[in-house]
Amino acid sequence: MKVISVPSPLSLWTTVRSVGVFNVAGSFVALWAFIKVLRGLRWRLKTTQLRGPPRTSFIYGVSHDLASSEDSGRMYERWATEYGVAYMIPSVLGQTRIVLCDPRAIAHFYARETWTYVQTPLSLAFLETSIGRGLLWSEGENHRRQRKALTPAFSNAAIRKLTSVFYDSAYKARACNAKGAWDTAIESSKDGEAVIEVQNWMNHISLDTIGIAGFSHDFGSLDGKRASVTDVFDTFGANQRASAVNRIFILLASAFPIIIKMPTKRTNLFKKLSVTMGKISNDLLIQSRREKDVNMSERDEEKSIIGLLIKSEGQDAELRMSEEEVMAQMKVLLIAGYETTSISLTWALIELSRHPDVQTSLRDELLAFGADPTYDQLKASLPYLDAVVHEILRLHPPLGEFIRLIFTIDLQAAADDVIPLSEPVRTVSGEMTDSICIAKGTLITISSAAINRSLAIWGPHAKEFKPDRWLTEDGISGKAKEVQGHRHLLTFVDGPRTCLGKDFAVTEFKTVLSVLVKNFVFEMRDGPDTPVEVARGILPRPRVVGEDGIGVPLRVRRYE
């Protein structure tokens, strides 16, 4: 029998040296380029070639234009008007993305998310670094298992019990205002009103609410306590200047995800946030496990999401979550509970200040109703409050766009896909088609901001703040009714990745807004036409033009 000898590392190195390091490196580069060319040819043959905007940068395509735009949703919508409901845009280093602006295509996409359409390598690298391998990071069966384990914590019954927590935080804020900064400022003024930076207060309400509702822990930010996580959150809002180098890093990371691990000011902030949230989550887990061991009361356990997470650590194999997954879920809850709700509440106060007639109508409905509404009444008995909340969610979704990669993780499924369209589009060859072929490896983009505010979908008043559209049957156009997300919106996305906490978020939003509007009158400090821009936080946040950080100063007075 012939014996095949395995070369030693030393002999391999000797061979490499004899051939030449640069020759070996060149061979690897040539092989990489050859594979890229083959993949590119396959992609071109398998994917319907659509029209789209021309490249404005040889390196970045149109990605830099989108990243620096004040309203990328408007750009996506303009391109949809010009090129059709599905089109291609050039991206970084020769990449191409397909943009879907068609309700039927989007419904098809979301029905297959986590199995056929998955997170991009950049998204996975970022989520793993900043949050961990939790619900947002996972795909396929792992995602289904984690979501199923968490679902009972966000059921109607669970949110019904948490409504009192939302009211406690809202009234706690009011009490702090009445006895503290807001009251002092209002009483000391000559005209009975004060200028108050409201976004900071919305942050405090949101953080204390998710602390109590999610973890049975009061961060005390409404009482003026400084928690370590609050300091890190605030740092993101204060860090508004993105250097040119940082922008380049972010754009190039879409082609080379390893870049996201390189130390920049912003990546270092996310790492610091992850460490801080990890320490807080670990401390809360240890405390909750200890309380469970000494027979934590059933009432507290029912009110706390953390009780369900601890339970999942010891569940059967189907739904059991590892400690790493539990920690990741807690980080997600902290960020989502803090960021998205506070952003929506701030936008609500801005829009109500810009539209005093809407604010008055909302206050009239709330005062006429009388006592604080229950969970079921919040859902069904206050139509104008519901209209205002969903109009805010339509106009100002906290997450403006989503990018996915077609790369099936189901070995029995086809890697490519065919996406149906509700109306035909013209290809680069001039042919009309009512479906598009998508090859494995294709990047898909959906702009929730563009869909939520599309003139073609929502009608001629799509860009306006008009809560009345939600009050009549014909207020929402037929095209908008084709959007299959929550209340025909993509704010909470759709399909397997529909936001698990949407009912939690909407109920908290309604509860806090109802308490604030019943007790205070809000106006823009410099008049209803005061310009507002989008600033950088962990997620994009509103800011009055000219203010530092994420400042939103409003004139506030008591309603009497």
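Heads up: these notes are all about the structure in this document. (Residues numbered from 1 in each chain as written. Predicted model: local features only at pLDDT ≥ 70, side-chain atom pairs only at ≥ 80, totals over all residues. Heavy atoms only, no water.)

1. Observations concerning the layout of surface pockets
Where empty space is left in the structure can be found by rolling a water-sized probe over the atoms.
Item 1. What the second largest pocket holds in volume is close to 330 Å³.
Item 2. Forming the boundary of the second largest pocket are 21 residues, of which Glu77, Ala80, Thr81, Ser454 and Ala456 lie nearest the centre.
Item 3. If you list the elements that add at least two residues to the lining of the second largest pocket, you get helix H4 (72-83), strand S6 (417-426), helix H20 (448-452) and helix H21 (455-458).
Item 4. Residue contributions to the lining of the second largest pocket peak at 5 residues, all from H4.
Item 5. Considering only residue class, the lining of the second largest pocket consists of 11 nonpolar, 3 polar and 7 charged. (1 Å grid on protein atoms, 1.4 Å probe; cavity = no way out; pocket = protein on both sides within 12 Å on 5 of 7 lines; lining within 4 Å. Points joined across faces, edges and corners; volume = space filled by probe spheres on them. Helix = DSSP H or I, 4+ residues; strand = E, 2+ residues; numbered from the N terminus. Nonpolar A, V, L, I, M, F, W, Y, C, P; charged D, E, K, R; others polar.)

2. Some details on helix H17 (residues 356-369)
Item 1. Over its 14 residues, H17 runs 20 Å from end to end, which matches the ideal 20 Å to within 8%, given 1.5 Å per residue.
Item 2. Buried within H17 we find Val358, Gln359, Leu362, Arg363, Glu365 and Leu366. Looking straight down H17, one finds that the buried residues subtend no more than 160° of arc, so they occupy a single side. In H17, those exposed residues whose orientation departs by more than 90 degrees from the buried face are Asp357 and Ala368.
Item 3. The secondary structure elements touched by the buried residues of H17 are helix H16 (323-354), helix H19 (383-395), helix H22 (502-519) and strand S9 (520-524).
Item 4. Phi turns positive, to about 95°, at Gly370, one or two residues after H17. (Expected span 1.5 Å × (residues − 1). Buried < 20%, exposed > 50% of the residue type's maximum accessible area, 1.4 Å probe, protein only. Arc of directions from axis to C-beta. Contact = heavy atoms within 4.5 Å.)

3. Things to note about the side chain of Ser281
Item 1. With respect to the helices and strands, the residue Ser281 is situated in helix H13 (residues 265-293).
Item 2. The exposure class assigned to Ser281 is buried, which follows from its relative accessible area of 1%.
Item 3. Of the polar contacts made by the side chain of Ser281, one reaches the backbone oxygen of Met277; its length is 2.7 Å.
Item 4. Apart from the residues within four sequence positions on either side, Ser281 is in contact with Met327, Met330, Lys331 and Leu334. (Polar contact = N/O pair within 3.5 Å; in protein donor to acceptor, adjacent residues only side chain to side chain.)

4. Section: the sheet that holds strand S3 (residues 117-119)
Item 1. Pairing within the open sheet is mixed, and its 5 strands lie in the order S1-S2-S8-S5-S3. Lying at the two open borders of the sheet, with one neighbouring strand each, are strand S1 (86-90) and S3. When strand polarity is set aside, the average angle formed by the axes of neighbouring strands in this sheet is 40°.
Item 2. Of the pairings in the sheet, the one linking S3 to strand S5 (residues 401-406) comprises 3 bridges and is antiparallel in character. Residue pairing for S5: Gln119 is matched across the bridge by Arg404. (Pairing = 2+ DSSP bridges. Axes fitted to C-alpha atoms, helices over the stretch in contact; angles between N-to-C directions.)

5. A look at the nonpolar core
Item 1. Residues Trp79, Tyr87, Leu100, Leu362, Ile436 and Leu513 are the most contacted members of the largest nonpolar core, which totals 95 residues.
Item 2. In contact with Leu362, other than residues within four places in its own chain, are Leu352, Tyr384, Leu385, Val388, Leu513 and Val517. (Core = buried A, V, L, I, M, F, W, Y, C linked by side-chain atoms within 4.5 Å.)

6. Side note on the environment of Ser361
Item 1. With respect to the secondary-structure elements, Ser361 resides in helix H17.
Item 2. For the pair Ser361 and Leu385, spaced 24 residues apart in sequence, the C-alpha separation works out to 9.4 Å.

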